[in-house]
Amino acid sequence: MAAVARIPSVVLGICSFTHDSAAALLTDGELVGFVEEERLSQHKHTRDYPRQAIGWLLEEAGITPGAVDAVAYNFQPVRYLAETPAALRMVLSGATRRRALPRAAGFAKVAVRTQHRLNLLAQQFPGARVIPVLHHRAHQLAAFSASGWEEAAVLVVDSLGERQTTTIGHAHDSARPRVRMLEGLTDPASLGYVYGAVTEHLGWRRGDEEGTVMALAALGDPVRFRHFFTRAVCTTPTGFRVDPAYFPPRVLASGYPRTSPRFAAETCPARHPDQPVQEIHQDLAAALQERTEQIMLHLARRARVLSGSRRLCVGGGVATNCVSIGRIIEAGIFDEVFVPPAPGDAGTAIGAAVAVHADGGSPRPLSGIARTCYLGPSFPEPVLDLTPWTSLQQKSLGAEAAEFLADQLARGMIVGLFQGRIEAGPRALGNRSILASPLEAGVVERLNATVKFREPFRPFAPMVTAARAGEFFTLGQAAPYMSMASQVTDTARERIPAVVHANGTARLQTVTPAQNPFMHDVLEAFARRTGVPVLINTSLNVKGKPICGTPEMALDCLANSGLDVLLLEGRWITK
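Keep in mind that this is a model prediction, so the values were computed, not measured. Note that residues are indexed from 1 along each chain, following the sequence as it is written. The model is predicted, so local features are restricted to residues of pLDDT at least 70 and side-chain atom pairs to those at 80 or more, both for listing and for counting; the totals for chains, interfaces and linings are taken over all residues. Excluded from the side-chain calculations are hydrogens and water; all other atoms, namely the structure's heavy atoms, are used.

Colleague: Give a detailed account of the pattern of salt bridges, specifying residues and quantitative values.
Modeller: Think of a salt bridge as a Lys or Arg side-chain nitrogen and an Asp or Glu carboxyl oxygen that are within 4 Å of each other. Tallied over the entire structure, the rule returns 32 salt bridges. Put simply, Arg163 and Glu83 hold a salt bridge, and the shortest N to O gap is 2.7 Å. Linking Arg163 in the loop between β6 (151-161) and β7 (164-172) with Glu83 in helix α4 (residues 83-88), this pair joins segments that are 80 residues apart in sequence. On the basis of relative accessibility, which here comes to 1%, the residue Glu83 falls in the buried class. Comment: elements are numbered from the N terminus, with helices defined as DSSP H or I runs of at least four residues and strands as E runs of at least two. The buried label goes to any residue with under 20% of its type's maximum accessible area, the exposed label to any with over 50%, and the partly exposed label to all in between, with areas taken from a 1.4 Å probe on protein chains only.

Quick look at the structure:
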């Protein structure tokens, strides 16, 4: 008689070996926690096995590695192999012939490498089943389960997941999620590939600084390259296609440029990172961003038609393009749009674990995922040894910490805030933040030049009490994870121009008392002093470093930047 497979009770979800390593843990459907390895290792976008993240999760759950029933990994090796015959067919076209054989070999090599990674995970957890999960399914489940909705369309747009780049699904019951795939595109039709390629051409790091290009776009005029991008990325009835004459097909190996000589000839030469940013670079960024928004709107309309749903969840790396998300909301295609706090690959650690839980037959509903973002480690009573930072001094604040912080912000101080559990995803959401008054003259210039050490054209995001968001922003829906750009009101332009970007938008975060009680108290206290319930909120880090996940990382940030002060779990730490 065949043995019956045991329903997995403890499921460890892992994103690792590619970029943005992370881990999540479910026990009987309840999310114990989730954290990106970079927040603990100080190595931004690390691809390393998430040892520290996993160690914290197991300790938090009070279990040993032997208690893990299943390890869910966010890629399926066999899916890469299907690209080999498709790649070989590229020999038939002069535009793709040179890439055909190396592309076929590259996808086959990654299939083998991914299987090897599964074997490595099996060695780490010898008592567990290691289960590969289709990458886009992990994205879909991560986005939908975080929404808390009963039903929604799900749009995932990224660079590459095995072969898929864009998928549209229809999901039901976020507590026991199931997603039906409706339509999809495969590489080389990849919006994430195109955006990353142009980011690199403009002199910034692909896979890290696409947001810089999105910010730069607001300074440019898309007209100069509008027709170029219409040719290079053409819409089709079911999505889009990418012209290989400008963006040669991807090869999963180094040494293969993502833009062609023809691309450079018809746009501009590649910019070296040390070269000044010129008007032509701004215009190229503007046209890229405009085309990205057009394609995303096209895909959202397609998702509406195919699913019939009035709600949309968006996941994948391109979901971090907050201006595109704002355009979808403004278009009124859906009644509400949701982006999870970690829409990129790191969040697929949660989605992969959800997939294994859902497929395993557990009767337990999911819990601890919907509408929450503070999922990582906390340090409620840290023992602070300031010996390595001889210039720092500390004092304890009492119950009036929110009032005291609001008062200091109203006086013009720039304050680092470290409290509670680490946020999931790429945005600081009030637990690992740098805060400043939007009313302070020159605050944006000071933040960019002396605190964050980044380009002067980069904007800063506002956080606002949800109850008063409508006075300053026109989005018309909740934006709890700083993932949506909104147009602003005349009041915002007059009172808080520091948070309004050159394109007239702001990437806002709305805050409720339930979501973050302390930050809500600070915003209300600041409003009592200034009349404005809005603060500048940026991540507690400097350019090139991950968001500070530990007290030591936060103290380093204070000591080595232009921060005035750090509020760390009730300790007021000054230089």
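We are not done yet, so read on.
Colleague: Outline the sheet that holds strand β12 (residues 336-338), supporting the account with residue identities and numerical values.
Modeller: Backbone-to-backbone hydrogen bonds pair the strands of a sheet. The strands run either parallel or antiparallel. Pairs of strands are assigned from DSSP output, requiring at least two bridges between the strands. What the five strands build is an open sheet, ordered β8-β7-β6-β11-β12; its pairing is mixed. Of all strands in the sheet, those bounded by a partner on one side alone are β8 (178-186) and β12. Each neighbouring strand pair of the sheet contributes to a mean axis angle of 20°, computed without reference to strand direction. Here eight bridges tie β7 to β8, and the two strands are oriented antiparallel to one another. Paired with Gln164 across the bridge in β8 is Thr186. All axes here are fitted lines through C-alpha atoms, helices being fitted over the stretch that makes contact, and every angle between N-to-C directions spans 0 to 180 degrees.

Colleague: Give me the lowdown on the packing of helix α8 (residues 210-217) against helix α11 (residues 279-307), citing residues and values where you can.
Modeller: Direction vectors running N to C along α8 and α11 enclose 100°, while the axes themselves pass 7 Å from each other. It follows that α8 is roughly perpendicular to α11 by the angle criterion. Counting all contacts with α8, which are made through Val213, Met214, Leu216 and Ala217, the residues of α11 involved are His281, Gln282, Ala285, Ala286, Leu288 and Gln289. Residue polarity is assigned by list, with Asp, Glu, Lys and Arg as charged and Ala, Val, Leu, Ile, Met, Phe, Trp, Tyr, Cys and Pro as nonpolar; anything else, Gly included, falls into the polar class. Residue composition of the contact of α8 with α11, by class: seven nonpolar, three polar and no charged. By the definition adopted for this analysis, an angle is roughly parallel if under 35 degrees, roughly antiparallel if over 145, roughly perpendicular if from 65 to 115, and oblique otherwise. Here, two residues are considered to be in contact whenever any of their heavy atoms come within 4.5 Å of each other.

Colleague: Any chance you could break down the packing of helix α7 (residues 191-201) against α8 for me, citing the residues and the numbers?
Modeller: Two elements in contact, α7 and α8, have axes separated by 9 Å at closest approach and are oriented at 80°. As far as their axial angle goes, α8 and α7 are roughly perpendicular. Facing Tyr195, Gly196 and Thr199 of α7, the residues of α8 in contact are Glu210, Val213 and Met214. For the contact of α7 with α8, the per-class residue count stands at three nonpolar, two polar and one charged.

Colleague: Quick rundown of the nonpolar core? Include the residues and the values.
Modeller: Counting 96 residues, the largest nonpolar core has Phe247 and Leu312 as its most contacted members. Ignoring sequence-local partners within four residues, the contact set of Phe247 consists of Tyr193, Val194, Ala197, Val198, Phe229, Ala232, Val242, Arg258, Thr259 and Phe263. Residue types Ala, Val, Leu, Ile, Met, Phe, Trp, Tyr and Cys, when buried and joined through side-chain atoms within 4.5 Å, form a set referred to as a nonpolar core. Grouped together as the second largest cluster of nonpolar side chains are 42 residues, Val356, Tyr374, Tyr481 and Met482 included.

Colleague: Before we move on, can you summarise the side chain of Arg99 with the specific residues and values?
Modeller: Turning to its location among the elements, Arg99 is positioned in helix α5 (residues 97-124). Charge assignment in this entry is limited to Lys and Arg as positive and Asp and Glu as negative, and neither His nor the chain termini are counted. No salt bridge is formed by the buried Arg99; its nearest oppositely charged neighbour, Asp187, is found at 9.1 Å. Those residues in contact with Arg99, other than ones at most four positions away along the chain, are Tyr193, Pro248, Pro249, Val251, Tyr256 and Pro257.

It is worth stressing that arrangement in space is one thing and function is another; only the former is reported here.
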